[in-house]
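These are the residues of each chain, in order.
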Amino acid sequence: MFSYSGGSLEVNGRQMNLKRLSEEPVVAVFENVLDDEECNAIIELSRGELKRSKVGTDKQEHAMRTSRGAFLDDHHSHVISEVENRLCAIMGMPLSHAENLHILHYRPGEEYKAHMDSFTKPDVNNRIATMVVYLNNVEEGGETLFPKLGISIPPKRGTALYFEYFYNDPKINALTLHAGSPVISGEKWASTLWVRRQKFRT
Ligand SMILES: O=C(O)CCC(=O)C(=O)O
Ligand SMILES: [Fe+2]
């Protein structure tokens, strides 16, 4: 449960700043979640994985998300497990409910069109909250946009974006529609941790 109101906070001995951009649904930005070394380490770990991952053949999906992505499992490195633990501590969610960390890489012109992170299929262990951490500074473009809330978050290295969508009122959840705007120049690296309602990892 999200219980922060804003200002500065400390989680596991780490000092961070918090800006709450929307009350309901909660949309909040945390600064200083990862340091530069951690961001660079995640980028380097995922480079190899992205190369190995096949580019989707499903044209529809391809147009929706033109970036390339990969799930990193935390056996890869202690950096990944430390980062996952920190993100869950900030969110106040158990790590056992989190998926593996997902890494996205966007080149100029690439984007992730407006979407919901939850699944529409009923009776699944659905996602309830998302933490996106920006791993680098983008020269131009690449903002995360919430069109229904009028919120735009510029990617900044080490900063994390949190939002949740487990409200009883489906209209509130629908407001978390969001997009990764096209990168105009430079590249964008981001990592996403999706959290499920029930236990997901063993
Ligand atoms: O890249 C972004 O800004 C958004 C990423 C996103 O929406 C996701 O990973 O689900
Ligand atoms: Fe998303």
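Along each chain, the written sequence defines residue order, and numbers are assigned to residues from 1. Lettering of chains starts at A and numbering of ligands starts at 1, both following the order in which they are written. Reporting of local features is limited, given that this is a predicted model, to residues whose pLDDT is at least 70; pairs of side-chain atoms are given and counted only at 80 or more, and all residues count toward the totals for whole chains, interfaces and linings. Remark: hydrogens and water are excluded; side-chain values derive from all non-hydrogen atoms of the structure.

- The name that an unreviewed UniProt entry assigns to the chain is 2OG-Fe(II) oxygenase, with the source organism given as Alteribacter keqinensis.
- UniProt positions are given in the numbering used here, feature names are shortened, and annotations may be inferred rather than shown by experiment. Under the UniProt heading Cofactor (unreviewed entry), the note attached to the chain is "L-ascorbate".

Quick look at the environment of Pro108
Then, in step 1: We count a stretch as a helix when DSSP gives it H or I for four or more residues in a row; a strand needs E for two or more, and each element gets its number in order from the N terminus. Relative to the helices and strands, Pro108 resides in the loop between β5 (101-106) and β6 (112-115).
Then, in step 2: Every residue pair with non-hydrogen atoms within 4.5 Å of one another is taken to be in contact. For Pro108, the residues in contact, after removing those within four places along its chain, are Val183, Ile184 and Gly186.

Quick look at the packing of aromatic side chains
By convention here, two paired aromatic rings are described through the distance between centres and the angle between planes.
Then, in step 1: Stacked, tilted and edge-to-face are the three classes applied to pairs of Phe, Tyr and Trp rings, where Trp contributes its six-membered ring and a pair requires centres within 6.5 Å; stacked means planes under 30 degrees apart, edge-to-face means over 60, and tilted covers the rest. Tallying each qualifying case throughout the model produces 5 aromatic pairs.
Then, in step 2: Considering the side-chain rings of Phe71 and Trp194, the 6.1 Å spacing of their centres and the 55° angle between planes classify their relative orientation as tilted. Here Trp194 lies in strand β14 (residues 188-196) and Phe71 lies in strand β4 (residues 68-72), a separation of 123 residues in the sequence.
Then, in step 3: Three labels apply to residues, based on accessible area from a 1.4 Å probe with only protein chains included: buried if under 20% of the type maximum, exposed if over 50%, partly exposed otherwise in between. For Phe71, a relative accessible area of 43% corresponds to the partly exposed category.
Then, in step 4: Where Phe166 meets Tyr167, the ring centres are 5.9 Å apart and the plane angle is 15°; that geometry is what we call stacked. Of the two residues examined, Phe166 and Tyr167, each falls in the buried class.
Then, in step 5: Sitting over the face of the ring of Tyr112, Arg65 holds its NZ or CZ atom 5.1 Å from the ring centroid. Look at NZ for Lys and CZ for Arg. If either is within 6 Å of the ring centre and within 35 degrees of the ring normal, a charge sits over the ring.

Thoughts on the pairing of β14
Then, in step 1: Within β14, 9 of the 9 residues are buried, which leaves the element mostly enclosed by the surrounding structure.
Then, in step 2: Alternating residues of β14 divide into Lys188, Ala190, Thr192, Trp194 and Arg196 and Trp189, Ser191, Leu193 and Val195, and every residue in both groups is buried.
Then, in step 3: Inspection of the sheet shows β5 paired to β14 by 5 bridges, in the antiparallel sense. Its bridge partner being in β14, Ile103 is matched across the sheet by Ser191.
Then, in step 4: A pair of strands is considered paired only if DSSP assigns at least 2 bridges between the two. Sheet topology places strand β7 (residues 127-134) next to β14; 7 bridges connect them, and they run antiparallel.

What about the coordination of the iron ion (ligand 2)?
Then, in step 1: Within the protein, the iron ion (ligand 2) binds to His115 (NE2), Asp117 (OD) and His178 (NE2); these donor distances fall in the range 2.1 to 2.2 Å.
Then, in step 2: Counted as donors are N, O and S atoms no farther than 2.8 Å from the metal, or 3.2 Å for Na, K and Ca; water is not among the atoms, and sites may therefore look incomplete. Counting gaps between the donor residues of the iron ion (ligand 2) yields the pattern H-x1-D-x60-H. Of the two residues, His115 is situated in strand β6 and His178 in strand β12 (residues 178-180); the sequence distance between them amounts to 63 residues.
Then, in step 3: Residue classification places His115 among the buried residues on the basis of a relative accessible area of 10%.

Observations regarding the sheet that holds β12
Then, in step 1: Taking strand neighbours across the sheet as the criterion, the 4 strands line up as β6-β12-β9-β10 in an open arrangement whose pairing is antiparallel. Whereas interior strands pair on both sides, the edge strands pair on one side only; in this sheet they are β6 and β10 (151-153). Across the sheet, the axes of successive neighbouring strands diverge by a mean angle of 10°, strand direction being ignored.
Then, in step 2: Pairing analysis gives 3 bridges linking strand β9 (residues 144-146) to β10, with the strands arranged antiparallel. Each bridged residue has a counterpart across the sheet, and for Leu145 the counterpart in β10 is Ser152. Lines fitted to C-alpha atoms define the axes here, with helix axes fitted over just the stretch in contact, and angles between the N-to-C directions of these axes take values from 0 to 180 degrees.

Points about the side chain of Ser22
Then, in step 1: Looking at the element boundaries, Ser22 is found in strand β2 (residues 14-22).
Then, in step 2: When near neighbours in sequence (up to four residues on either side) are disregarded, Ser22 contacts Val27, Leu149 and Ile151.

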